[in-house]
There are 2 protein chains.
Amino acid sequence: MSEPRYQLLARELSAAIAGDRYPAGSMLPSEVDLASRFGVSRATVRAALDILEHRGLVQRRRGAGTTVLKPGDHPGFGQTIGTIEELIQYARDTRRIVHSVKTIIADIELADRLGIAPGSRWLRIRATRSVPGTRERPICLTDTYVLPELADVRQRLANETLAVCDMIERDHEIVTESIDQQLQAVLVPREAVSLLEAEAGGPALRILRRYYATDGRLFEVTDSLHPADRFAYRMSVTRARRLDHGETDS
Amino acid sequence: MSEPRYQLLARELSAAIAGDRYPAGSMLPSEVDLASRFGVSRATVRAALDILEHRGLVQRRRGAGTTVLKPGDHPGFGQTIGTIEELIQYARDTRRIVHSVKTIIADIELADRLGIAPGSRWLRIRATRSVPGTRERPICLTDTYVLPELADVRQRLANETLAVCDMIERDHEIVTESIDQQLQAVLVPREAVSLLEAEAGGPALRILRRYYATDGRLFEVTDSLHPADRFAYRMSVTRARRLDHGETDS
DNA sequence: TAGTGGTCTAGACCACGCC
DNA sequence: GCGTGGTCTAGACCACTAC
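What comes next is a walk through the structure. Keep in mind that this is a model prediction, so the values were computed, not measured. Position numbers for residues start from 1 in each chain and track the written sequence from start to end. All chains are assigned letters beginning at A, and all ligands numbers beginning at 1, according to the order in which they are written. Reporting of local features is limited, given that this is a predicted model, to residues whose pLDDT is at least 70; pairs of side-chain atoms are given and counted only at 80 or more, and all residues count toward the totals for whole chains, interfaces and linings. Side-chain figures throughout are based on the complete set of non-hydrogen atoms in the structure, without hydrogens or water.

### Topic: the protein's contact with DNA strand C
With respect to spatial proximity, 21 residues lie near DNA strand C, and among them Arg-42 and Arg-46 of chain A together with Arg-5, Ser-41 and Thr-44 of chain B are the closest. Throughout, the term near means that a residue has one or more heavy atoms lying within 4 Å of the molecule or strand in question. Taken together, the sugar and phosphate atoms account for 66% of what DNA strand C places within 4 Å of the protein. The definition of a polar contact used here is a pair of N or O atoms within 3.5 Å, where within protein one atom must be able to donate a hydrogen and the other to accept one, and adjacent residues in sequence count solely through side-chain atom pairs. Between DNA strand C and the protein, one listed contact pairs a phosphate oxygen with a backbone N or O atom of Glu-31 of chain A at 2.8 Å. Side-chain polar atom of Arg-42 of chain A to a base nitrogen of DNA strand C: 2.6 Å apart, as the coordinates give it. Mapped by element, the contributors of at least two residues to the surface near DNA strand C are α3 (42-54), β2 (58-61) and β3 (65-68) of chain A together with α1 (5-18) and α3 (42-54) of chain B. What counts as a helix is a DSSP run of H or I of at least four residues, what counts as a strand is a run of E of at least two, and both are numbered from the N terminus. For the surface near DNA strand C, the element with the most residues is α3 of chain B, which contributes 3 residues. Charged residues are taken to be Asp, Glu, Lys and Arg, nonpolar residues to be Ala, Val, Leu, Ile, Met, Phe, Trp, Tyr, Cys and Pro, and polar residues to be all remaining types, Gly included. Across the surface near DNA strand C, the residue classes tally to 4 nonpolar, 8 polar and 9 charged.

Here it is in structure tokens:
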């Protein structure tokens, strides 16, 4: 009907992990166990665990079981690079200038581009960010899409420099659990030229971010355009320690 | 049995697409059709298609079918890499073509660009990576710089498709502790045009990686140029959860 | 050896797009 | 209506890990 069971199950498990029912380092019940507990087939459990694994919440090892991971403690070199706090700090240090706020319905093209459901309603906030106290040109142009029920963030836009997801966290019972991020090189499109004070056809970094709450819900999507000369993305990846008991062979 | 059937099937389909049996814009056979053709179950076909879809080679639409995408015309992004496992798989699935190997001494400009000491000596390996069995253009142009004392990796370049840092880890007492990574949008420079078969001035993603060993030594630097239509960078960022007991227990 | 996750099968029903 | 992909089930065997 509405939501697939494996998604629902992923949300419940993700909430249970966030709620410390399964703390970092502990083991999740086995797949057959989860299947019987939730009254679903093992395939459904596996589909749910696929989601959690992809989000970096758990690690699965054949013959051993499924472990809840600490963020930053990922097998090999983790997909988790940096922290949300770092992203938020970036927002705190810059000033937002809102250019338009508007309710939109996602057409096929936008839905594909953002990875959201076609026909779904979102509040779109179009803004630029600048370094305060300078006459420098803006660092980026960002379209922020939030669920309609969170639309009251628009009251706060004017007075606060916080990231939108930060404001949402404070006003609603929402905690950001993970962010999916995609980076791509593009050329500055004509429509962005005047807002960014950039040259059309210059190099720019496009960053698409999808914000997931602890209950697994996608509640915010941002689509940012950074002219290359004003922004580079830096990150550090550290080798993860194994969570298991066995020592590292040599 | 080494390789799972769904992986093998993914490779065969991917090769068939590359070999123009299913050209861009055309439809793949239906899932049931593929299942009976290859003598596997539909679930196995779906697992294979999941891989192709995730790589951005095909697009699936319920009720409509599976379409082969044109590179550069993807609904979201092109090739994406999320985890190191994928990076390794990426290396395994692509062919390295070495164009030159040469000892260089870093001048001021290079030292600045790579973050290494001016006047230091490095072995530079210039190579492209392509999807094997196709006449597609290369995915990236990479300059790999390694310390002179690790120069014996050059013997392995021809026979192995592994990442250079992987080969170094195996041959020497070096373990990669962390990687500093920097992403930047640039335009394809004239010097890269012929090797990449790309248009000068087109958008490209430049990824600079610095590899540090456990003793803190910088032993490898890579400088990659990915034309935007052939690559996007994907990652997941996780909220730093509260640490219950001691922080990094051993 | 017992239990785990990884793979695979052969069915089934559904929502959706197209004719 | 019909075929498509999306979801789901109830089995099965295997490779691997822990004990």
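### Section: the pairing of strand β9 (residues 218-227) of chain B
For a regular strand, the rule is simple: side chains alternate between the two faces of the sheet. All names here are of chain B. Each residue is assigned to one of three classes by its accessible area relative to the maximum for its type, calculated with a 1.4 Å probe on protein chains only: buried under 20%, partly exposed between the two thresholds, exposed over 50%. With respect to burial, β9 is a largely interior element, 10 of its 10 residues being buried. Paired strands, in this sense, are two strands between which DSSP finds at least two bridges. Looking at chain direction, strand β6 (residues 140-146) and β9 are connected through 6 bridges and run antiparallel. Within β9, the position partnered with Thr-144 by the bridge is Thr-222. Here strand β8 (residues 203-213) pairs with β9 via 9 bridges, running antiparallel. Within β9, the residue paired with Arg-210 across the bridge is Val-221.

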